[in-house]
Amino acid sequence: MGHLAGVLRSLRDDAAITQEELADRAGLSARTVSDIERGLRRRLYRDTAERLGAALGLTEARLEEFVELARGRATDLRRELDTEFRRRFVAWHVDRVSALAGHVGSEEQWYAVLDADGPNLTVALRWAEESGDTEVFLQLCVGLWRYWQARGDLAGGRAWLERGLAGVPPATVGTRTDALWGLAWLSLQQGDDSTAARCAAELAGLADEAGTPAVRRNAATVAGMVALARDEVGAATERLDTALALARELDQPWLLATSLLNVGIVRIAARDTAGAREVLGEALREYAEVGDERFRARTLGYLGLAAVVDGDPARAEALYLQSLVTFDELAEPKGIAEAVVGLATAAALRGDPVRAAQLAGAAERTWESFGGRPLPVELRVAEAVLARARESADDQVWHEAWIRGRALRQDEAIALAQDLPG
């Protein structure tokens, strides 16, 4: 959109009139006004500009500035209205993405809308950053980090959040803690445990100032997940149990469900699969209550992981297949990769190393496609099970199956994963 287009649109918005009304008042065609606002006409005859200015009710001084702008000459009016247009554009997007927080369970409908609006979101982020208003810029990033996570844009999301957190002056404590929470999770999923640990420490330091148990819960959660990544199961258990206790004090069902999920994961790491199934079952019920299919599918996957630890391939396959169907419908690469590698471990347990290798290769390519990694508990279990399967197979056969898996498109990998032998 050119400068003239943006200015005319801003002035018309201020006057609260439609393109047709403006055209009628100025004695011009609606097509002419539309062409100007679409940037198809970058300069106007003086008479046309004067008609538009008069129809917009501009003062004499502003009318002359508008005419000069329309004739292709820089004016203070252009800078003023261009700034105002940018501010409104950014504010509209902040309101839009902030509304996501109130739609737990129906995020996918919103994400589909955001998919189609990608270029505008990039412009809004850039203009928000250029404005120097760190609070607004970081609010926009906070509203988008779960979308970036779902779509596998981990690196891009991290870059925006890190720039917002580095902004001067800093954003308010509430916005900053929300941004640290998002950055921690995107970092964990990329294997950057040091950044996640730094976020946990800063969250803990801000908890008293924030004045909400949710921040203390989030700090304990990230610290626990970092400990789990480092295979410090005892420390992870203590911190994630603390986070769950804090979550039970809050009237936030989604946070409670997610704390239950995290405790279930650490129970698996401790090889307490019975305890894991108990808390994961409670998490499933909570996610069903809030209508979150994405995290319900993730919980089913961890129940599948518990079945793998128990050496029960049939149960693991049934659970991972349910998870895969949902993640395929949601087009979430992370969830697809989790389910496919889970089905690879189930194939290994069944004594089918060729299928295991092919699915593991396909999952690895999916992880690489968005720069993610399995969470360490999943990775350790899968590596152990697949290593035993590889030892039972001919090296050449295993390698060829792995290469075939890596060559699969994502839709082909999903079809293979769903096509259970026998």
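For the structure, see preceding data.
Reading the values: the criteria
Position labels on residues start from 1 in each chain and follow its written sequence. Selection of residues for local features in this predicted model requires a pLDDT of at least 70, selection of side-chain atom pairs for listing and counting requires 80 or more, and totals for whole chains, interfaces and linings are taken over all residues. With hydrogens and water set aside, each side-chain value is computed from the structure's full complement of heavy atoms. The helix and strand labels rest on DSSP assignments: H or I over at least four residues marks a helix, E over at least two residues marks a strand, and numbering proceeds from the N terminus. Note on exposure labels: buried denotes an accessible area under 20% of the residue type's maximum, exposed denotes more than 50%, and partly exposed covers the range between, all computed with a 1.4 Å probe on protein chains only. The contact criterion used is simple: two residues touch if any of their non-hydrogen atoms lie within 4.5 Å. Using a 1.4 Å probe, accessible areas were evaluated by the Shrake-Rupley method; residue-level cover was limited to the displayed protein chains. For this analysis, a salt bridge means a side-chain nitrogen from Lys or Arg found within 4 Å of a carboxyl oxygen belonging to Asp or Glu. Only Phe, Tyr and Trp rings take part, Trp by its six-membered ring, and two of them pair if their centres are within 6.5 Å. Stacked means planes under 30 degrees apart, edge-to-face means over 60, and tilted covers everything else. What makes a nonpolar core is a set of buried Ala, Val, Leu, Ile, Met, Phe, Trp, Tyr and Cys residues whose side-chain atoms join them at distances within 4.5 Å. Counted as positive: Lys and Arg. Counted as negative: Asp and Glu, with His and the chain ends omitted from the count. Any N or O atom pair separated by 3.5 Å or less is treated as a polar contact, with the protein-specific requirement of one donor-capable and one acceptor-capable atom, and with residues adjacent in sequence counted only for side-chain atom pairs. In what follows, a disulfide is any cysteine sulfur pair within 2.5 Å.

Q: Is there a simple way to think about the overall build of the chain in this case?
A: Within the chain one finds 23 helices and zero strands. Counting only C-alpha atoms and orienting by the principal axes, one finds that the chain spans roughly 85 × 50 × 35 Å. Per-residue burial over the chain gives 53% buried out of 422 residues. Residue pairs in contact within the chain that sit at least 24 positions apart in sequence constitute 64% of those at least 6 positions apart. About 18,600 Å² of surface is accessible on the chain, with carbon and sulfur atoms providing 49% of the total.

Q: Looking at this structure, how should I read the pattern of salt bridges?
A: Close approach of charged atoms lets side chains of opposite charge pair. Throughout the structure, instances matching the rule amount to 32 salt bridges. A salt bridge links Asp231 to Arg380, with the nearest nitrogen and oxygen atoms 3.7 Å apart. With Asp231 in the loop between helix 13 (213-229) and helix 14 (233-249) and Arg380 in helix 21 (residues 376-391), this pair connects stretches of sequence that are 149 residues apart. Take Arg380: its relative accessible area is 29%, and that puts it in the partly exposed class.

Q: Can you walk me through the packing of aromatic side chains in this structure?
A: A ring pair, where both rings are aromatic, is described by two values, the distance of the centres and the angle of the planes. A full pass over the atoms with the stated rule returns seven aromatic pairs. Centroid distance Trp181 to Trp185: 5.7 Å. Interplanar angle 90 degrees. Geometry classified as edge-to-face. Separated by four residues within a single helix, Trp181 and Trp185 lie in helix 11 (residues 173-189), roughly one turn from each other. Trp185 shares its class with Trp181; the two are buried. A ring pair is formed by Tyr287 and Phe295, whose centres lie 5.6 Å apart and whose planes are at 35 degrees; its orientation type is tilted.

Q: Is there a simple way to explain unusual backbone geometry in this structure?
A: Trans peptide bonds make up the majority, and among non-glycine residues the majority have a negative phi. That bond from Val168 to Pro169 is cis: its omega, -5 degrees, falls within 30 degrees of zero. Relative to the helices and strands, Pro169 resides in the loop between helix 10 (154-165) and helix 11. In this structure, Ala16 is a non-glycine residue whose phi angle is positive, near 55 degrees. Mapped onto the fold, Ala16 is located in the loop between helix 1 (3-15) and helix 2 (19-26). Phi at Ala331 is positive, roughly 55 degrees, even though this residue is not glycine. The topology assignment puts Ala331 in the loop between helix 18 (313-330) and helix 19 (333-349).

Q: Can you walk me through the nonpolar core in this structure?
A: Inside soluble globular proteins, nonpolar side chains tend to come together where they are buried. The biggest cluster of nonpolar side chains holds 116 residues, and the ones touching the most others in it are Leu144 and Trp148. Per-element accounting of this core gives the leading share, eleven residues, to helix 15 (residues 253-269). When neighbours within four sequence positions are excluded, Trp148 is seen to be in contact with Leu125, Cys141, Asp153, Leu154, Gly157, Trp160 and Leu161. Ile17, Ala26, Leu58 and Ala70 belong to the second largest nonpolar core, which has 21 residues in total.

Q: Honestly, the side chain of Glu317 in this entry has me stumped. Any pointers?
A: Tracing the backbone shows Glu317 in helix 18. Excluding residues within four positions of it along the chain, Glu317 makes contact with Leu343, Ala346, Arg350 and Leu420.

Q: Please explain the environment of Val354 as it appears in this structure.
A: Considering the arrangement of structural elements, one finds Val354 in helix 20 (residues 353-370). On a C-alpha basis, the gap between Val354 and Val263 in space is 34 Å, while along the polypeptide they are 91 residues apart. Ignoring any residue separated from it by four or fewer positions in sequence, one finds Val354 in contact with Val397, Ala401 and Arg404.

Q: Would you mind showing me how to read the side chain of Arg355 here?
A: The topology assignment puts Arg355 in helix 20. Here Arg355 sits buried without a salt bridge, and the closest side chain of opposite charge, Asp352, lies 5.2 Å off (N-O distance). Polar contacts involving the side chain of Arg355 include one to the main-chain carbonyl oxygen of Asp419, which spans 3.3 Å.

Q: Mind showing me how you'd approach the state of the cysteines here?
A: By definition, a disulfide is the covalent link that joins the sulfur atoms of two cysteine residues. In the structure shown here, the tally under the stated rule is zero disulfides. Left unpaired, Cys141 is separated from the closest cysteine sulfur, that of Cys199, by 13 Å. In this structure Cys199 comes out as buried when scored by relative accessible area, which is 0%.

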